[in-house]
Amino acid sequence: MRKTPSIHVYLALSVLIFLVAFVLRVTAIHENSYFSDEITTVTTIQEVRQGDTFYDAMKSHLHHMPLYFASLLIYPDEHTPFSYRYPEVLWGILTIAMTMRILSYTYGLQRYALLAGVIMAVQSYWVIRSRDVRMYAMGNFLMATVTYLFFRYIDTRHRADPNINRFLFYIVSIFAYLIHIATVILLPAQLLILAWFALKRRLPIWTIGQWAFLQVIVFLPALLWILFGFHDAETGLNWIPALSVEQIMYVFNRLFVGSTTEQNFGWYVIFVFPAFIGFIMSFKQIKYAGYWVGLTVLPFMGLLIISLLHPLFHERYLSIAFFAYVIVLILGYKALDNILIDRFKTIGQVIMWLIIGGHLLNVGSLTATHFQADYFATNYAKYGIDYV
């Protein structure tokens, strides 16, 4: 997988990936009932449109950041599952595009960017997260965009337009922090890279101080919401199940395998662990490797440790950075590709195709879950939602 496609081939294949992603997300999008979280989101927006203040309507959501709920008020009030779910479809596809941009531009991996696009287009977990009335697809797009702008911010190739890029970086960061509390993981991930660059004298030490000062300002709107909104929240985190091996497997399955069913879980994991091996073996050679550890491994392990005291380990708090888990897999596959082909030539290439092909087989879980009419079945009538 070393030959780089021409720009025309790359663009054509990218468009095809986006079309496949779009079709998978809009197919039967109106046939599934709202699940419980979607119901509370829809009723919140309805209450605002019926005259309640945004803050009062958000009482059951004050433990969430406000941007996603506010964004739904921009769209026409057609009051159908399609109208509420469609924005997330678009955010999900934009996330795929931004993930591919990070891989193709920052790492120069056009072919592997296409692979990332295929994985995100067909993985059943990301398909579902890109078509429900929740903030995860929009959050992933904002986090991926902040990541891309951050890499440009510290990339010496872009010192010609630092002010424009810096402005965009901080503006998009404001929106990212207002989409979900978990986006705060951007801060330690960025600090890891800045500290490392300063230590290696690739950036002046004052850059960290400048970044920290501006991040305080950028994070201020989110901080104000947390201080005043979370205090009045009517719901909390008591719904999260206690930590168990099954729960860990459940979360791992969704974030790394990308499947929404536990069937054949062990089979698919066989094709994921080689990527981990490649990433670990080539950690020092992977550009910005510490950043991806900061967005994936540290939050994953952090929630595990916290959950020993209070249940908090759930895929929703990690899936806000789902694109980062895909990039870790892709960078791991690329590193493994180099190792196998250098040592085993053609046989190594065949092994890589088998591993990647096996990983993509989990697209079959789509038919076992999301496209069944009763998958999200909920007694929505009792919530007063006119579901058609």
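Predicted model only: the values in this text are computed from it and were never measured. (Residues numbered from 1 in each chain as written. Predicted model: local features only at pLDDT ≥ 70, side-chain atom pairs only at ≥ 80, totals over all residues. Heavy atoms only, no water.)

1. Some points on the overall build of the protein
The helix and strand inventory of the protein stands at 18 helices and 0 strands. Across the protein, the fraction of contacts at a sequence separation of at least 24, relative to all contacts at a separation of at least 6, is 80%. (Helix = DSSP H or I, 4+ residues; strand = E, 2+ residues; numbered from the N terminus. Contact = heavy atoms within 4.5 Å.)

2. Details of the pattern of salt bridges
Where charged atoms of side chains with opposite charge meet at close range, the side chains can pair. Tallying each qualifying case throughout the model produces 3 salt bridges. A salt bridge links R129 to E315, with the nearest nitrogen and oxygen atoms 3.6 Å apart. One end of the pair, R129, is in helix α7 (residues 124-129); the other, E315, is in helix α16 (residues 315-318), with 186 residues separating them in the sequence. The pair R129 / E315 is uniform in exposure class, with both members buried. Several salt bridges converge on common partners, so that one network encompasses R129, D132 and E315. (Salt bridge = Lys/Arg side-chain N within 4 Å of Asp/Glu carboxyl O. Buried < 20%, exposed > 50% of the residue type's maximum accessible area, 1.4 Å probe, protein only.)

3. As for the packing of aromatic side chains
For the coordinates displayed, the defined rule picks out 26 aromatic pairs. Ring geometry for Y68 and F69: centres 5.9 Å apart, planes at 70°, overall edge-to-face. The pair formed by Y68 and F69 is uniform in burial state, with each residue classed as buried. Summarising the aromatic geometry, the rings of F279 and F283 are spaced 6.0 Å apart at their centres and angled 75° between planes, so their arrangement reads as edge-to-face. Among the residues examined, F283 registers a relative accessible area of 36% and is labelled partly exposed. Through a chain of ring-to-ring contacts, the aromatic side chains of F150, F151, Y153, F169, Y170, F197, Y288, Y291, W292 and F323 assemble into a single cluster. (Phe/Tyr/Trp six-rings, centres within 6.5 Å; stacked < 30°, edge-to-face > 60°.)

4. Comments concerning the packing of helix α9 (residues 162-177) against helix α11 (residues 206-229)
Contact geometry of α9 with α11 gives a least axis separation of 8 Å together with a crossing angle of 35°. The two elements α9 and α11 meet at a crossing, and its hand is right-handed. In this structure, α9 contributes R166, F169, Y170, S173, I174 and Y177 to the contact, and α11 contributes Q210, W211, L214, Q215, V218, F219, P221 and A222. Taken together, the residues of the contact of α9 with α11 sort by class into 10 nonpolar, 3 polar and 1 charged. (Axes fitted to C-alpha atoms, helices over the stretch in contact; angles between N-to-C directions. Left-handed = near helix turned anticlockwise from the far one by under 90°. Nonpolar A, V, L, I, M, F, W, Y, C, P; charged D, E, K, R; others polar.)

5. Re a nonpolar patch on the surface
A contiguous nonpolar patch, built from I164, F167, L168, I171 and F175 and spanning about 480 Å² of accessible area, is present on the exposed surface. Tracing the backbone through its elements, the reader meets I171 in helix α9. Residue classification places I171 among the partly exposed residues on the basis of a relative accessible area of 31%. (Patch = residues over 30% accessible without salt bridge, like charges linked within 9 Å, V, L, I, M, F, W, Y side chains within 5 Å. Areas by Shrake-Rupley, 256 points an atom, 1.4 Å probe, with all protein chains shown as cover.)

6. Some details on the side chain of S104
Along the chain, S104 turns up in helix α5 (residues 81-106). Within the structure, S104 has its side chain in polar contact with the backbone oxygen of R101 (distance 3.3 Å). Not counting residues up to four positions away in its chain, the partners in contact with S104 are Y10, L109, Q110 and A113. (Polar contact = N/O pair within 3.5 Å; in protein donor to acceptor, adjacent residues only side chain to side chain.)

By themselves these figures say nothing about function.
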